[in-house]
Amino acid sequence: MRKFAKITLITSVCAIVVGGVLCVTSFATGGIKNVRFDKGVDVYDNSKYNIDKKELEAFDSFDINADAVNVEFVEGDSYAFEYHGNSKPIYSVSNGKLNFNIEKEKNGVKIHIGEFISRGLKNNRLIIYTPDSAKFKDGKVEADAGNITLNSLNADKITLEADAGNINVNESEISECEISADAGNIKADGSSLRKLTVETSAGNVKLTDISTDDADIMSDMGNIKAEINGSRNDYDLDIDNDMGNVKVDGKKVHELEEKTGKDKKLSIENNMGNININFN
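Residues numbered from 1 in each chain as written. Predicted model: local features only at pLDDT ≥ 70, side-chain atom pairs only at ≥ 80, totals over all residues. Heavy atoms only, no water.

Caption draft 1: How the structure looks around the side chain of Asp236. If you trace the backbone, Asp236 turns up in strand E18 (residues 235–243). Buried charged residue Asp236 carries no salt bridge. Nearest counter-charge: Lys265, at 5.0 Å. Non-local contacts of Asp236, meaning those with residues more than four positions away in its chain, are made with Glu258, Lys259, Thr260, Gly261, Lys262, Lys264, Lys265 and Leu266. (Helix = DSSP H or I, 4+ residues; strand = E, 2+ residues; numbered from the N terminus. Buried < 20%, exposed > 50% of the residue type's maximum accessible area, 1.4 Å probe, protein only. Lys, Arg positive; Asp, Glu negative; His and termini not counted. Salt bridge = Lys/Arg side-chain N within 4 Å of Asp/Glu carboxyl O. Contact = heavy atoms within 4.5 Å.)

This is the structure we're talking about:
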């Protein structure tokens, strides 16, 4: 790792530790009154808005902006949605596009540390149902603090962004897929993602049974594991890791650059964490 990068990393870690100490001190002395430590969560209680499964007009594109809500696409008999959360949902289908916006709460945040994600968010959810025959031109999902999950989706272009939450893509066929998370794990399984871009600041990336022609994966901190369908000989490879081990098909390497003008490309860059790539 370059000297500057090491200094930056050490400085960042120290800043996080100092910030944590100051934050805890502020809580303990009452300096921050809107946030308190306790077990469990009551900020994003799902008692305020409760919309059972509701039919929607057919749509072939979507734009979803979520607050602290888990968003999941699942296969259904028709176009519909289900919502449970503490923030008001505003939605419409116009010219074949679903717009879904979840308003952010403005009454402050009271986080009870202990089971924030597992208990506090699991009941705050937006479920989008789409028929098996649905094909989407484009779609975007943004979540501030919540998980995003796509199941059996067929689309030309999909963009998924999470500030704090995990992103999962399962059994989907997407021509161009862009995934980014500031703090959260990214997983894709059993999917065809012809052009794939993945970027994460802090979190692991795990790709299993993936078919791709062009994949670009970047991580600041976290492990990267990928199982790619096809032969290694089909790909131009560019793999770089500043701090961590690199394995390709079970063999340990320092870094790898094989560019001979092949049609398929795999580029992986990691600042801190292990990289493990296998071709099937």
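Following the structure, the description resumes.
Caption draft 2: Representation of the sheet that holds strand E8 (residues 136–145) in the model. Read from one edge of the open sheet, 11 strands run E5-E6-E2-E8-E10-E12-E14-E16-E22-E18-E21, paired in mixed fashion. Edge positions in the open sheet fall to strand E5 (89–94) and strand E21 (256–258), since each of these has one partner strand only. For this sheet, the mean angle separating the axes of adjacent strands, direction not counted, is 5°. (Pairing = 2+ DSSP bridges. Axes fitted to C-alpha atoms, helices over the stretch in contact; angles between N-to-C directions.)

Caption draft 3: Quick look at unusual backbone geometry. Of note, the phi angle at Glu171 is positive, near 45°, even though the residue is not glycine. Structurally, the position occupied by Glu171 is in the loop between strand E11 (167–170) and strand E12 (173–183). Not every positive phi belongs to a glycine, and Asp249 is a case in point at roughly 50°. Relative to the helices and strands, Asp249 resides in the loop between strand E19 (246–248) and strand E20 (251–253).

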